[in-house]
There are 2 protein chains.
Amino acid sequence: MTRNALYAQSGGVTAVINASACGIIETARKHNDRIGKVFAGRNGIVGVLKEDLIDTSVESTDAISRLRSTPSGAFGSCRYKLKSIEESRLAYGRLIDVFAAHDIGYFFYNGGGDSADTCLKIARLSQDMGYPVQAIHVPKTVDNDLPETDNCPGFGSAAKYIATSTLEASLDVASMAMSSTKVFIIEVMGRHAGWIAAAGAMASSAEHPIPTIILFPEIPFDRGRFIDRVRDAVSSSGYATVVVSEGLSDENGRFLSDQGLTDAFGHKQLGGVAPALAAMVMQETGYKYHWAVADYLQRSARHIASKTDVEQAYAVGRAAVEMALEGENSVMPSIVRTDNDPYRWEIGKARLEDVANIEKKMPRDYIDASGYGITRACRDYLRPLMEGEDYPAYRNGLPNYVRLQNVSVPRKLDTDFRI
Amino acid sequence: MTRNALYAQSGGVTAVINASACGIIETARKHNDRIGKVFAGRNGIVGVLKEDLIDTSVESTDAISRLRSTPSGAFGSCRYKLKSIEESRLAYGRLIDVFAAHDIGYFFYNGGGDSADTCLKIARLSQDMGYPVQAIHVPKTVDNDLPETDNCPGFGSAAKYIATSTLEASLDVASMAMSSTKVFIIEVMGRHAGWIAAAGAMASSAEHPIPTIILFPEIPFDRGRFIDRVRDAVSSSGYATVVVSEGLSDENGRFLSDQGLTDAFGHKQLGGVAPALAAMVMQETGYKYHWAVADYLQRSARHIASKTDVEQAYAVGRAAVEMALEGENSVMPSIVRTDNDPYRWEIGKARLEDVANIEKKMPRDYIDASGYGITRACRDYLRPLMEGEDYPAYRNGLPNYVRLQNVSVPRKLDTDFRI
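The structure contained in this document is the topic of the report that follows. (Residues numbered from 1 in each chain as written. Chains lettered and ligands numbered in written order. Predicted model: local features only at pLDDT ≥ 70, side-chain atom pairs only at ≥ 80, totals over all residues. Heavy atoms only, no water.)

Here's the deal with the overall build of chain A
Secondary structure assignment for chain A yields 13 helices and 15 strands. The C-alpha atoms of chain A give 23 Å as radius of gyration, which agrees with the globular expectation for 419 residues (22 Å, within 12%). Within chain A, buried positions represent 65% of all 419 residues. Looking at chain A alone, contacts between residues at least 24 apart form 77% of all its contacts between residues at least 6 apart. Total accessible area on chain A stands at roughly 14800 Å², and carbon and sulfur atoms take up 47% of it. Across chain A, the mean location of the 46 positive side-chain charges is 3 Å away from that of the 52 negative side-chain charges. (Helix = DSSP H or I, 4+ residues; strand = E, 2+ residues; numbered from the N terminus. Rg over C-alpha atoms; globule rule 2.2 N^0.38 Å. Buried < 20%, exposed > 50% of the residue type's maximum accessible area, 1.4 Å probe, protein only. Contact = heavy atoms within 4.5 Å. Areas by Shrake-Rupley, 256 points an atom, 1.4 Å probe, with all protein chains shown as cover. Lys, Arg positive; Asp, Glu negative; His and termini not counted. Charge placed at Lys NZ, Arg CZ, Asp CG, Glu CD.)

What to know about the relation of the copies chain A and chain B
In summary, the two copies of the chain are related to each other by a rotation about an axis coupled with a shift along it. Expressed as a screw transformation, the operator carrying chain A onto chain B has a rotation angle of 180° and an axial translation of 0.0 Å, and the superposed copies differ by an RMSD of 0.0 Å. In the structure described here, the two chain copies are related by an operation that fits a two-fold rotation axis. No C-alpha of chain A approaches the rotation axis more nearly than that of A:Val293, which lies at 2.4 Å. (Least-squares fit on C-alpha atoms with pLDDT ≥ 70 in both.)

Details of the interface of chain A and chain B
The interface of chain A with chain B comprises 80 residues on the first partner and 80 residues on the second. For the pair chain A and chain B, the summed buried surface comes to about 6800 Å²; carbon and sulfur atoms form 58% of the total. The largest contributions to the chain A side of the interface with chain B come from A:Glu168, A:Tyr296 and A:Arg403, which together make up 11% of the buried area. Linking A:Arg395 and B:Glu207 is a salt bridge whose minimum nitrogen-to-oxygen distance equals 3.0 Å. At the junction of chain A with chain B, the criterion picks out 27 residue pairs in polar contact (both at pLDDT 80 or more). (Buried area = accessible area lost by both parts, 1.4 Å probe. Salt bridge = Lys/Arg side-chain N within 4 Å of Asp/Glu carboxyl O. Polar contact = N/O pair within 3.5 Å; in protein donor to acceptor, adjacent residues only side chain to side chain.)

Here we look at helix 13 (residues 376-386) of chain A
Helical geometry: 3.6 residues make up each α-helical turn, so side chains three or four residues apart lie on a common side. Among the residues of helix 13 of chain A, A:Cys378, A:Tyr381, A:Leu382, A:Arg383, A:Pro384, A:Leu385 and A:Met386 are the ones counted as buried. Buried positions along helix 13 of chain A lie against helix 6 (155-176), helix 7 (195-200), helix 11 (307-325), strand 12 (331-340) and strand 13 (343-351) of chain A together with strand 15 (398-399) of chain B.

A short note on the packing of helix 4 (residues 89-101) of chain A against helix 5 (residues 113-128) of chain A
Residues and elements named next belong to chain A. Between helix 4 and helix 5, the least distance of the axes is 10 Å, while the angle of their chain directions is 70°. The pairing of helix 4 with helix 5 is recorded here as roughly perpendicular in orientation. Taken as a pair, helix 4 and helix 5 cross one another with a handedness that is right-handed. Residue-level contacts link Tyr92, Leu95, Ile96 and Phe99 of helix 4 to Thr118, Lys121, Ile122, Leu125 and Ser126 of helix 5. Classifying every residue of the contact of helix 4 with helix 5 by side-chain character gives six nonpolar, two polar and one charged. (Axes fitted to C-alpha atoms, helices over the stretch in contact; angles between N-to-C directions. Parallel < 35°, antiparallel > 145°, perpendicular 65-115°, else oblique. Left-handed = near helix turned anticlockwise from the far one by under 90°. Nonpolar A, V, L, I, M, F, W, Y, C, P; charged D, E, K, R; others polar.)

Comments concerning the state of the cysteines
Defined simply, a disulfide is a covalent bond joining two cysteines at their sulfur atoms. Residues and elements named next belong to chain B. Enumeration according to the criterion identifies zero disulfides over all chains in this entry. Left without a disulfide partner, cysteine 152 is nearest to the cysteine sulfur of cysteine 378, which lies 15 Å away. On the basis of relative accessibility, which here comes to 0%, the residue cysteine 378 falls in the buried class. (Disulfide = S-S within 2.5 Å.)

As for the packing of helix 8 (residues 223-237) of chain B against helix 9 (residues 273-285) of chain B
Residue and element names in this part refer to chain B. Orientation of helix 8 relative to helix 9, taken along the N-to-C sense of each, is 70°, at an axis distance of 11 Å. If you check the angle between helix 8 and helix 9, you find them roughly perpendicular. Contacts between helix 8 and helix 9 involve Arg223, Phe226, Ile227 and Arg231 on the former and, on the latter, Leu277, Met280, Val281, Gln283, Glu284 and Thr285. Its residues assigned to classes, the contact of helix 8 with helix 9 shows five nonpolar, two polar and three charged.

Focus on the side chain of B:Asn18
Residue and element names in this part refer to chain B. With respect to the secondary-structure elements, asparagine 18 resides in helix 1 (residues 17-30). A relative accessible area of 0% means that asparagine 18 is categorised as buried. For asparagine 18, the side chain forms a polar contact with the main-chain oxygen of serine 72, separated by 2.7 Å.

Quick word on the packing of aromatic side chains
The tally for this structure, following the rule as stated, stands at 20 aromatic pairs over all chains. Plain terms: the ring middles of A:Phe221 and A:Phe226 are 5.4 Å apart, the flat faces sit at 55° to each other, and that makes the pair tilted. The exposure class assigned to A:Phe221 is buried, which follows from its relative accessible area of 8%. Note that B:Arg68 overlies the ring of B:Tyr314, its terminal NZ or CZ placed 4.9 Å from the centroid. (Phe/Tyr/Trp six-rings, centres within 6.5 Å; stacked < 30°, edge-to-face > 60°. Lys NZ or Arg CZ within 6 Å of the ring centre and 35° of its normal.)

Focus on the nonpolar core
Counting 168 residues, the largest nonpolar core has A:Leu67, A:Phe75, A:Phe108, B:Leu67, B:Phe75 and B:Phe108 as the members making the most contacts within it. Those residues in contact with B:Phe108 that sit more than four places away from it in its chain are B:Ala5, B:Leu6, B:Tyr7, B:Ala8, B:Ile24, B:Ile136, B:Val138, B:Ala320, B:Val321 and B:Ala324. Of all hydrophobic cores here, the second largest spans 52 residues; its members include A:Leu277, A:Tyr372, B:Tyr287 and B:Val293. (Core = buried A, V, L, I, M, F, W, Y, C linked by side-chain atoms within 4.5 Å.)

Topic: the pairing of strand 12 of chain A
Residues and elements named next belong to chain A. Here nine bridges tie strand 12 to strand 13, and the two strands are oriented antiparallel to one another. The residue bridging methionine 332 from the neighbouring strand is alanine 350, located in strand 13. Hairpin geometry of strand 12 and strand 13 is characterised by an intervening segment of two residues between the two adjacent antiparallel strands. (Pairing = 2+ DSSP bridges.)

Description of the pattern of salt bridges
Residues and elements named next belong to chain A. This structure, assessed with the given rule, holds 44 salt bridges over all chains. For the salt bridge of arginine 191 with glutamate 246, the shortest nitrogen-to-oxygen distance reads 3.8 Å. With arginine 191 in the loop between strand 6 (183-188) and helix 7 and glutamate 246 in the loop between strand 8 (240-245) and strand 9 (261-262), this pair connects stretches of sequence that are 55 residues apart. Residue arginine 191 is classed as partly exposed on the basis of its relative accessible area of 37%. A cluster of three or more residues bridged by salt bridges with shared partners is formed by Lys81, Asp114, Asp117 and Lys121.

Overview of the environment of B:Ile54
All names here are of chain B. With respect to the helices and strands, isoleucine 54 occurs in strand 3 (residues 53-55). For isoleucine 54, a relative accessible area of 0% gives the class buried. C-alpha of isoleucine 54 to C-alpha of valine 243: the two residues are 189 residues apart in sequence and 40 Å apart in space. Those residues in contact with isoleucine 54 that lie beyond four places of it in its chain are Val38, Phe39, Ala40, Arg42, Phe75, Asn406, Val407 and Val409.

Notes on the environment of A:Leu325
Residues and elements named next belong to chain A. Looking at the element boundaries, leucine 325 is found in helix 11. We classify leucine 325 as buried; its relative accessible area is 12%. When the C-alpha atoms of leucine 325 and isoleucine 35 are compared, they prove to be 8.7 Å apart, with 290 residues separating the residues in sequence. Those residues in contact with leucine 325 that sit more than four places away from it in its chain are His31, Arg34, Ile35 and Tyr106.

Quick notes on the pairing of strand 2 (residues 35-41) of chain B
All names here are of chain B. Burial runs high along strand 2: five of the seven residues are buried. The pairing of strand 1 (residues 3-9) with strand 2 spans four bridges and is classified as parallel. Paired with arginine 3 across the strands is isoleucine 35, a residue of strand 2. Once the chain exits strand 1 it traverses helix 1 before rejoining the sheet at strand 2, and the crossover so formed is right-handed. (Right-handed = clockwise from strand over helix to strand, strands pointing away.)

Observations regarding helix 4 of chain A
All names here are of chain A. Over its 13 residues, helix 4 extends 18 Å from the first C-alpha to the last, a length consistent with the 18 Å expected when each residue adds 1.5 Å. Looking at helix 4, one finds that the buried residues are Ala91, Tyr92, Gly93, Arg94, Leu95, Ile96, Val98 and Phe99. Turning to helix 4, the residues buried within the fold contact strand 1 (3-9), helix 2 (45-49), strand 3 (53-55), strand 4 (104-111) and helix 5. Directly after helix 4, the chain includes aspartate 103, whose backbone phi takes a positive value near 55°. (Expected span 1.5 Å × (residues − 1).)

A word on the side chain of A:Thr14
Residue and element names in this part refer to chain A. Turning to its location among the elements, threonine 14 is positioned in the loop between strand 1 and helix 1 (17-30). You can call threonine 14 buried: its relative accessible area is 1%. Among the polar contacts made by the side chain of threonine 14, one reaches the main-chain amide nitrogen of isoleucine 17 at a distance of 2.9 Å. Every residue in contact with threonine 14, bar those within four places of it in the chain, is listed here: Pro71, Ser72, Lys140, Val142, Gly154 and Arg299.

Some words on unusual backbone geometry
Residues and elements named next belong to chain A. The peptide bond linking aspartate 341 to proline 342 adopts the cis configuration, its omega dihedral lying at 5°. Along the polypeptide, proline 342 turns up in the loop between strand 12 and strand 13. Although it is not a glycine, asparagine 43 adopts a positive phi angle of roughly 60°. Phi angles above zero are rare outside glycine, and serine 330 is one such case at about 55°. Turning to its location among the elements, serine 330 is positioned in the loop between helix 11 and strand 12. By relative accessible area, serine 330 is classed as buried at 15%.

Pasting the structure below:
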């Protein structure tokens, strides 16, 4: 007996979330004796609620295989959090109705902590409502903040991008610091956890040191100490590279990016933290500065994805299907580090109760005593996640990313659902 | 009889300026019957003035060959413009003294329009002063604004980086636009010419269109028309990608980045043009937005250099030495496009009188009638410059860029020169 599968992407997309989709669809296709079609929610769970499903079975083998090297969410994603079962009873009921209408037996939800929670609730509620669905969570987040897994698919590629960009820009600044820019500031993602900022420190090595100053969201910002640090770097190395997390806050928990800026007309402006620090450096030191804000570039940069990350993203997708076929429910394939030198990993299995709504922070012993750098333990953790290259194919000078047809599945329900 | 050569890097560095250095040094080493050592100015012409020279002959064959895939300026660069011979007579005299002291017969100056001018003056003055030096200019600039050459080494790689980043971020935004960011703004370099901004439009193709809005420095900014354009893109495609040149100005020639921003303490702030546009979009449309500022990342991104660009950067370096050996003086190896389909190019020769101090703008027929996009002619021009990949070697997950020893040449003069 075959039942269909439903796949949905959730939250901010990454350079490798489609590699997980590829792992799921390719593995499901190999088991067509048990899994019928793989449908996908258009724009994530919102598409499921609206019964707006995509039929992935019309896509060619080639198109699906190219998902492995295409960034972004091929079926669309959304930021839509289902609340508790009491508060969102209608929504959960609607999901089960859609599942039943399309003979969905397997639900694969690809996201972060919120979606792990949703996944768990769907598994429980579908049981209660007499239409049991096996719900498997597939981990994804550049923030690297899921528990019960050594790391999260998406993070390694963002880390590789930020470390490489920090290295390249630092070499640029070093070449010109004598007469030009002395302080370069790059703003990176991470509102609560400094994992991506930490990756910036990987640009520096014992063999080829770079005077990096990392500003973690975990460490309250101290203007005086920061400026001293910048002065020290410039006087000893000629320049300084500052990697700042967007979530940097002062001792009162106020984001530094919230500067109370107003333009000439008195309109409130939303600045980034990088320009705020740049203004501070100028006022205090007079050093010439430049700043960059990587924003979405860092999470979509499939052109410099980590091979480890791509392989793991694919593997958690494949494992999710295999676990479903083994009868598992309410679990998440995790990544287990079995050795660090040489790096080895395998797929583990986490229970969603242990994953949902828990945020993994940077361990304090990954940040060095100064608060501006990373420790040996952090380097040993990060290095293998960034390792290996997995280049996309190119055409006319640009990565040849696949765009799917995304054909709609005919609707079966005659009711609408208002988001 | 052998004479030594002197090489100096000038102005903003690029992802491939060291490939030109590699071409010069490797070619000079092949002709050691006529060229003795290749010295380099530490931090460019300032190092020459201070008699602070680097001896490249101590670097291994391997180290020199790795310059080809290392971004930034391996010997240091500077922004230092020599003025007219009358105004800078002392400096020119000092240069000739340093040349004479180190038996320099060949001067290779790797830069943009200003350095072409300096190069020309050195050739003339050395003649007048009875110490003739052959001065050859080697083109380099991400701005792509040198005349007498089809394109400038450094530009193709910046273009490939910006087009790829625009493509990747656009796919990201497209996946989430239904419920999240609808307008993405990326700020790129180009204070006077829109070449790099134009490259952003290459992210879109007839087969896979992306709703890009390009804001060129050549077209005065019109707030009302821009907002209309954003609304149109969002209503027809669901999102808009804005690529804005840092040099965008209003009809009075005022930079949009000069917003008269003040922080909560009344301090003047230097914002970028991207956040200024983002604030405008929010005020006028209420669309959720994100913005990125690529800054130095775009000119140092050797990890995604264009193969065409790397080959041309090397070739102009090699040709500079060959021209010197043929007795040429006051010339610049140029890039001549001999065919576009398939793309073919060869090295030409431009006279420095025709190069110095002339800025090549985007032809008006490269910008489409709306002023927000590029024409077929522009696409045909840009495509081959971005084509091909030339990846650096990696180590521990990061590009393994070379750092030279940069050993000083013993000084011979007993006078100092104040910059």
